[in-house]
Amino acid sequence: MNRTLHNQPIHWKVATSLIFAAIVFLFWQFAYPAHLAYHEQFQLFLFDTDYFLDRIDEPGGVANYISDFFIQFYYHSWVGAIILAILFVLIQLLTWHILRKQGVKEAYYPLSFLPIIAVWCYMCNENAMLSYPIALICTLLAMIAYLQLKIPRQRIVYVAIVLPLLYWIAGSVHFILTLWMVVYELRITLRNRFLFQGIAIAMTYSLLAFAWPLLSSIFVHYSIGRLMTGLEYYRFCRDFPLTWYVSLLITSLTPILIPLLPEIKKRTKGIIALQIALIVIGGGWYIKSGCDFGKEEAIRYDRLAFRCQWEEIIERAEKKMPSTPQSVTCLNLALGMTGQLSDRMFEFYQNGPIGLIYPFSRNVVSSLCSSEVHYQLGMINAAQQITFEVMASTPNNLQNARCIRRLAETNLVNGQYEVAAKHLRTLQKTIYYKRWANHLMEFLYDETRINNHPIYGRLRLIAQKDDYLYSGNEMTDMLSTLFHQNQKNQLAFDYLMAHLLLTGDLQQVANTLPLIQHTNYKQIPRTYQEALAFVWAQNHTNFDSMPWNVSPNVKQAMTDFVKLYRTSTNNVQNLLKERYGKTYWYYITNRQQP
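Let me sum up the structure you'll find in this document. In this text the structure is predicted, and so the values were computed from the model without any measurement. Chains are numbered independently. Their residues run from 1 in the order of the written sequence. Totals for whole chains, interfaces and linings use all residues, but because this is a predicted model, local features are given only for residues with pLDDT of at least 70 and pairs of side-chain atoms are given and counted only at 80 or more. Working from all heavy atoms in the structure, the side-chain values ignore hydrogens and water.

## Quick notes on the overall build of the protein
Moving on, step 1. Counting its secondary structure elements, the protein contains 32 helices and 0 strands.
Moving on, step 2. Overall, the protein is about 105 × 65 × 40 Å in size when its C-alpha atoms are taken along their principal axes.
Moving on, step 3. Across the 594 residues of the protein, 54% fall into the buried class.
Moving on, step 4. Two residues form a contact once any of their heavy atoms are found within 4.5 Å. Partitioning the intrachain contacts of the protein with sequence separation of at least 6 by distance along the chain shows that 69% fall at a separation of at least 24.
Moving on, step 5. Residue-level accessible areas treat just the shown protein chains as cover; the underlying method is Shrake-Rupley with a 1.4 Å probe. For the protein, the accessible area works out to roughly 28,200 Å², and carbon and sulfur atoms hold 58% of it.
Moving on, step 6. Neither His nor the chain termini are counted; the positive set is Lys and Arg, and the negative set is Asp and Glu. Think of each charge as sitting on NZ of Lys, CZ of Arg, CG of Asp or CD of Glu. The averaged location of the 40 negative side-chain charges in the protein is 14 Å from the averaged location of its 51 positive side-chain charges. Strands are runs of DSSP state E lasting at least 2 residues, helices are runs of H or I lasting at least 4, and numbering of each runs from the N terminus. Buried means the residue's accessible area, taken with a 1.4 Å probe over protein chains only, is under 20% of the maximum for its type, while exposed means over 50%, and partly exposed covers the values in between.

In structure tokens form, the structure reads like this:
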């Protein structure tokens, strides 16, 4: 049995790794692609010497630079999925090579997937940085090189040279290498009965490992704690998730503990199959536990909104109702930009005013959704301020493509051409934004061309002209002022009415309705009719003297809704949702009071 397995090791091992690579690709391309886009838009790789020197000027800087280089290709999600599939399989193969060098038999090949399963789960966090798996690859390569050295003195010299080099290249994952080398040396010395020699080597390695972060603290402006844990393995250094610690633990222990397992002499194929089954089931469950599909939805909607893909947003919402505040914000914006907000708003889930204009918060996705709404409404300065604050809050003061592009646009609309040119020159040093930046450079100082542009010309026309004090608590007044300033800004009117509807200020809805004569509406939209009918029904038994032009169908539906609402049947709520779940009446009678 063992001989047969030994004669056919390549086929099943290669097949297993290839299947794993395919699964990784399919996951990131179809189940989790928005997280790749999230990383791409929050980094900016520049083909620039200053950028290179700045990135490598800290521990782990080389891994960070390589990470930035790869992440720029996430612009196309399928390329990002291929990159992750290659890196993940590379980590698995390097892990197996280390195990094989330590005498682990091929029957334990499935266990070489344990570290990458843990890393995969960690990478599902939107703030997990690609520099971490790249740093692990550097560490695994250092282990393999160490295994090639047979003379103890050579290994000591190797450690003295490679350990500080690895720390500067990959960061604090050099502790994984140190732990493994300490255990490896102790095993050799115990086997040869040189225990004290092994202890001396272990202490030397450990001291060297801790010495480099301490010495680095003299030359870089980071705390010792950050230098010990790693600078850019996670976007926010003080909030490492549990999955990161689990990945560190499993990656550290796998090359140490698996070589201790006994050789399998019987039922080899059955044990291999059992290992694969356990890894597939357990690993699948663990990876799923690390996924946040709510954030995936929010990031995907935000990216579509940034690219002005309004129809795709609506089509996606029609297939699956959005549930997160950020995705609802993007959906409402898409409805507004396509002229459907006043008719179809309550066909979809609404979570109150927060789903219309999301207030500024520390959540990056939420803030960018809010910036997008302000930008399209013509509140250019508010959009610029939010965007700038998002970029300023980026860890390590790194620039990012999304914010720089938007800042270039807002300054172009505002006529601040020198500032716009500065941002555009930065984007000219990239791969995917260079062409766009070159094109926009042609607009600078060309008033006629800007005014005739379908996007920038519209924004200039509707942009807020007067100074005002921005306050999220006075959104009604700001939207009203925005519309009165330019009554061609129909989106401002739609958002004003939508805000009044979502807050339940029905009397103000009735008072504001006469402004509809300044818009392109030829008749009162259905949602407004439903609100007016609801207002009237509060104090009247019929619609005979109703002053607004509400269709007979809406009046009859309102009458039927009231009758059903006042019944005392057990399933009245289910009936109301089934028959009137896409009406304003159902929203206003079931919304949660603030």
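Text resumes after the structure shown.
## Quick look at the packing of helix α30 (residues 552-565) against helix α31 (residues 572-580)
Moving on, step 1. Axes, fitted as lines to C-alpha atoms, cover a helix only where it is in contact. Angles between the N-to-C directions of the axes lie from 0 to 180 degrees. Where α30 contacts α31, the axes come no closer than 10 Å and their chain directions differ by 165 degrees. The angle between α30 and α31 falls in the class roughly antiparallel. With respect to the hand of their crossing, α30 and α31 are arranged in left-handed fashion. Contacts from Ala557, Asp560, Phe561, Leu564 and Tyr565 of α30 reach α31 at Val572, Leu575, Leu576, Arg579 and Tyr580.
Moving on, step 2. By the convention adopted, Pro, Cys, Tyr, Trp, Phe, Met, Ile, Leu, Val and Ala count as nonpolar, Lys, Arg, Asp and Glu as charged, and the other residues, Gly among them, as polar. Taken together, the residues of the contact of α30 with α31 sort by class into 8 nonpolar, no polar and 2 charged. Roughly parallel means an angle under 35 degrees; roughly antiparallel, over 145; roughly perpendicular, 65 to 115; everything else is oblique. Each helix crossing is assigned a hand: it is left-handed if the near helix lies turned anticlockwise from the far helix by less than a right angle, otherwise right-handed if that turn is clockwise.

## Describing helix α27 (residues 490-503)
Moving on, step 1. One fewer than the residue count of a helix, multiplied by 1.5 Å, yields its expected span. The end-to-end C-alpha distance of α27 is 20 Å, a good match for the 20 Å that 14 residues give at a rise of 1.5 Å each.
Moving on, step 2. Where burial is concerned, most of α27 is hidden: 13 out of the 14 residues are buried.
Moving on, step 3. Gly504 sits one or two residues past α27 and shows a positive phi near 80 degrees.

## Overview of the packing of aromatic side chains
Moving on, step 1. Whether two aromatic rings pair depends on their centres lying within 6.5 Å, for rings of Phe, Tyr and Trp, where Trp uses its six-membered ring; planes under 30 degrees apart make the pair stacked, over 60 edge-to-face, and the rest tilted. Throughout the structure, instances matching the rule amount to 50 aromatic pairs.
Moving on, step 2. Taking 5.5 Å as the distance between ring centres and 80 degrees as the angle between the ring planes, the aromatic pair formed by Phe45 and Tyr51 counts as edge-to-face. Summarising the burial analysis for this pair, Phe45 and Tyr51 share the class buried.
Moving on, step 3. Feature note: the residues Trp12, Phe20, Phe27, Trp28, Tyr32, Phe88, Trp96, Tyr109, Phe113, Trp120 and Phe293 constitute an aromatic cluster, connected by ring pairs.
Moving on, step 4. To sit over a ring, a charge needs its Lys NZ or Arg CZ within 6 Å of the ring centre and within 35 degrees of the ring normal. Taking NZ or CZ as reference, Arg406 lies 3.8 Å from the ring centre of Tyr375, over its face.
Moving on, step 5. In this arrangement the basic side chain of Arg449 is found over the ring face of Phe443, its NZ or CZ atom lying 4.5 Å from the centre.

## Side note on the side chain of Asn400
Moving on, step 1. Assignment of secondary structure puts Asn400 in the loop between α20 (380-392) and α21 (401-414).
Moving on, step 2. In terms of polar contacts, Asn400 uses its side chain to reach the backbone amide nitrogen of Cys403, at 2.9 Å.
Moving on, step 3. For Asn400, the contacting residues outside a window of four places in its chain are Gln41, Phe42, Gln43, Leu44, Met391 and Thr394. Any N or O atom pair separated by 3.5 Å or less is treated as a polar contact, with the protein-specific requirement of one donor-capable and one acceptor-capable atom, and with residues adjacent in sequence counted only for side-chain atom pairs.

## Remarks on the state of the cysteines
Moving on, step 1. Cysteine sulfur atoms are paired as a disulfide whenever they come within 2.5 Å of each other. One pass over the structure, following the stated rule, counts 0 disulfides.
Moving on, step 2. Counting only cysteine sulfurs, Cys124 is the nearest neighbor of Cys121, a cysteine outside any disulfide, at a range of 6.0 Å.
Moving on, step 3. We note that Cys124 lacks a disulfide partner, and the nearest cysteine sulfur, in Cys291, lies 3.7 Å from it.

## Remarks on helix α10 (residues 174-191)
Moving on, step 1. In this model, α10 (18 residues) spans 26 Å end to end at C-alpha, consistent with the 26 Å of a helix rising 1.5 Å per residue.
Moving on, step 2. Those residues of α10 not exposed but buried are His174, Ile176, Leu177, Thr178, Trp180, Met181, Val182, Tyr184, Glu185, Ile188 and Thr189.
Moving on, step 3. Buried-residue contacts for α10 involve α6 (77-101), α8 (131-147), α9 (152-170), α11 (195-219) and α13 (242-257).

## Section: the packing of helix α16 (residues 310-319) against helix α17 (residues 325-337)
Moving on, step 1. Relative orientation of the contacting elements α16 and α17 amounts to 125 degrees, with a least axis distance of 9 Å. Taken together, α16 and α17 sit at an angle that is classed as oblique. In this structure, the crossing between α16 and α17 has a hand that is left-handed. For the pair α16 and α17, contact is made by Trp310, Ile313, Ile314 and Ala317 and by Cys330, Leu331, Leu333, Ala334, Leu335 and Met337, respectively.
Moving on, step 2. Here the residues of the contact of α16 with α17 sort into 10 nonpolar, no polar and no charged.

## Details of the nonpolar core
Moving on, step 1. Only buried residues count toward a nonpolar core. Its members are Ala, Val, Leu, Ile, Met, Phe, Trp, Tyr and Cys residues joined through side-chain atoms within 4.5 Å. Membership of the largest hydrophobic core comes to 111 residues, with the highest contact counts inside it found for Leu377 and Tyr495.
Moving on, step 2. Broken down by element, this core gets its largest block of residues, 10 residues, from α27.
Moving on, step 3. The contact partners of Tyr495, leaving out residues within four places of it in the chain, are Thr329, Asn332, Leu333, Leu341, Leu356, Ile357, Val373, Leu377 and Leu479.
Moving on, step 4. Within the second largest apolar cluster, 84 residues are counted, among which are Phe73, Ala128, Ala170 and Tyr234.

## A look at the side chain of Glu296
Moving on, step 1. By secondary structure assignment, the location of Glu296 is in helix α15 (residues 293-306).
Moving on, step 2. What Glu296 contacts, discounting residues up to four positions off in sequence, is Ala31, Tyr32, Pro33, Ala34 and His35.

## A closer look at the pattern of salt bridges
Moving on, step 1. Whenever Lys or Arg places a side-chain nitrogen within 4 Å of a carboxyl oxygen from Asp or Glu, that contact is recorded as a salt bridge. Under the definition given, this model contains 18 salt bridges.
Moving on, step 2. The salt bridge partner of Arg155 is Glu185, with a shortest N-O separation of 2.6 Å. On the criterion of sequence distance, the pair formed by Arg155 in helix α9 and Glu185 in helix α10 is long-range, its members being 30 residues apart.
Moving on, step 3. For Arg155, a relative accessible area of 4% translates into the label buried.
Moving on, step 4. A relative accessible area of 2% means that Glu185 is categorised as buried.
Moving on, step 5. Where Glu442 meets Arg449, a salt bridge forms, and the shortest distance between an N and an O atom there is 3.3 Å.
Moving on, step 6. Given the relative accessible area of 44%, Glu442 is considered partly exposed.
Moving on, step 7. In this structure Arg449 comes out as partly exposed when scored by relative accessible area, which is 31%.
Moving on, step 8. Through salt bridges that share partners, Asp302, Glu372, Arg402, Arg406 and Glu409 make up one connected network.

## Describing the environment of Phe483
Moving on, step 1. Its location among the elements puts Phe483 in helix α26 (residues 475-485).
Moving on, step 2. In this structure Phe483 comes out as buried when scored by relative accessible area, which is 0%.
Moving on, step 3. Distance in space between the C-alpha atoms of Phe483 and Gln464 is 9.4 Å, their sequence separation being 19 residues.
Moving on, step 4. Ignoring sequence-local partners within four residues, the contact set of Phe483 consists of Asn489, Ala492, Phe493, Leu515, His518 and Thr519.

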